[in-house]
Amino acid sequence: MLNPDLATIELTKDDYERYSRHLILPEVGVEGQKRLKAASVLCIGTGGLGSPLLLYLAAAGIGRLGIVDFDVVDSSNLQRQIIHGTSWVGKPKIQSAKQRILEINPYCQVDLYETRLSAANALDIAASYDIVVDGTDNFPTRYLVNDACVLLNKPNVYGSIFRFEGQATVFNYEGGPNYRDLYPEPPPPGLVPSCAEGGVLGILPGIIGVIQATETIKIILGKGTTLSGRLLLFNALEMTFRELKLRPNPERPVIDKLIDYEEFCGIRQAQAQEAAQMADIPEMTVQELKHLLDSGATDYVLVDVRNPNEYEIAKIPGSVLVPLSEIENGTGIETVRQLVNGHRLLVHCKMGGRSAKALAILKQAGIEGINIKGGINAWSQEVDPTVPTY
């Protein structure tokens, strides 16, 4: 699959000095370093996984790196996205990543695609690269990357992380399985929390991203045993690695085109349901809430439905914690009923989504309430900047 004309590739004097520790490895040597120099790798995302991956691929001497990302650096990224620095907060991630890559290896060609990967552009972007590495964090894009790699016959080096656990494998390589063999169907929207909701140990993507970089280099060199057909599971708290066997599913549907992956993953339907749900729930702005608090009124109760650890980070004065999980399992409904006791119910969360969900559940139980638009994030940004954002 990777068969460059090595006779046309020359290593410079600087190459011999820079990659000397590679060159003395029999498994790499001059031929292997030429393979790395001739290789092209497309990385989808410059977040937690993409950061260590790009740094190590650049340092290893990959000749051409492509980066797809449309996001800007946020201060909350810096805990794990080590390719970015504080001075780049608010600026495009791909520009930050390119500058850092060129500091490590000025001879690496870096191609930037500042766009959201979609069914309309995925094949065109990935076509000219030897390997695609998936550093994304959502199911629609993972299915999109997988299907594009299948159609283009490209290896897909996969990784994912959540809280203290990560997984990695190689899809679509030498007849091995692809992502749809691991996940034939996407989970229902909202079932798997994002890192923004569930958190992630900052070191974790470094470990999984380096594993992805290792697999990428092994494929280019044609050395060792890849993770194709094996799903590597890592638990940082237990410091354990486990393996699961993966095999192609003979009944897997044929992938012959790219589709609408938002629709496939149920995102559009979930958004429509959420919009309909929100339409029936009255809202209050954070400025209106501030006016109510300052007025000295006592005819209301303000319920915070975030998790207890989020409540410790930041809270709105006078709020009472009743986590959404307790409202969902029913134990928190009576708690809220007792708190209300004839008062107006106001509910907030981090950004407004979980509080709307809580109010929909409470409404079914006969408890009406008002959602605080934008949640505590809006409170911090528009009312009280001393309240931390996270």
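Just so we're clear, the structure is a prediction, and the values are computed from it rather than from any experiment.

### Considering the sheet that holds strand S9 (residues 283-284)
Two strands in a sheet stick together by hydrogen bonds in their backbones, pointing the same way (parallel) or opposite ways (antiparallel). The five strands are arranged S9-S13-S12-S10-S11 in an open sheet whose pairing can be described as parallel. Among the strands making up the open sheet, the edge pair consists of S9 and strand S11 (320-321). Direction of pairing for strand S10 (residues 300-304) relative to S11: parallel, over a ladder of two bridges. In the sheet register, Asp304 faces S11, and the bridge partner there is Leu321. Set on the sheet, helix H16 (residues 331-340) makes contact with S10, S11 and strand S12 (344-348); between it and S10 the angle comes to about 155 degrees.

### Regarding the sheet that holds strand S6 (residues 165-171)
Overall, mixed pairing links the eight strands, which are arranged S3-S2-S1-S4-S5-S6-S7-S8 in an open sheet. Bordering the open sheet on either side are strand S3 (109-113) and strand S8 (240-245), each of which pairs with just one other strand. Taken over all neighbouring pairs, the strand axes of this sheet differ in orientation by 15 degrees on average, direction set aside. When strand S5 (residues 156-162) meets S6, the two strands line up antiparallel, connected through seven bridges. If you follow Ile161 over to S6, its bridge partner there is Gly166.

### Observations regarding the layout of surface pockets
Here the second largest pocket is characterised by a volume of approximately 230 Å³. Along the wall of the second largest pocket there are 15 residues; nearest its centre are Arg180, Pro184, Pro253, Ile255 and Phe264. Residues that form the lining of the second largest pocket fall into these classes: seven nonpolar, one polar and seven charged.

### Quick look at unusual backbone geometry
Positive phi is not limited to glycine here, since Arg163 has a value of about 60 degrees. Within the fold, Arg163 resides in the loop between S5 and S6. What makes Arg163 partly exposed here is its relative accessible area of 43%. Phi at Asn341 takes a positive value of approximately 40 degrees, unusual for a residue other than glycine. Secondary-structure assignment places Asn341 in the loop between H16 and S12. Residue classification places Asn341 among the exposed residues on the basis of a relative accessible area of 60%.

Rules behind the numbers
- Residues numbered from 1 in each chain as written.
- Predicted model: local features only at pLDDT ≥ 70, side-chain atom pairs only at ≥ 80, totals over all residues.
- Heavy atoms only, no water.
- Pairing = 2+ DSSP bridges.
- Helix = DSSP H or I, 4+ residues; strand = E, 2+ residues; numbered from the N terminus.
- Contact = heavy atoms within 4.5 Å.
- Axes fitted to C-alpha atoms, helices over the stretch in contact; angles between N-to-C directions.
- 1 Å grid on protein atoms, 1.4 Å probe; cavity = no way out; pocket = protein on both sides within 12 Å on 5 of 7 lines; lining within 4 Å.
- Points joined across faces, edges and corners; volume = space filled by probe spheres on them.
- Nonpolar A, V, L, I, M, F, W, Y, C, P; charged D, E, K, R; others polar.
- Buried < 20%, exposed > 50% of the residue type's maximum accessible area, 1.4 Å probe, protein only.

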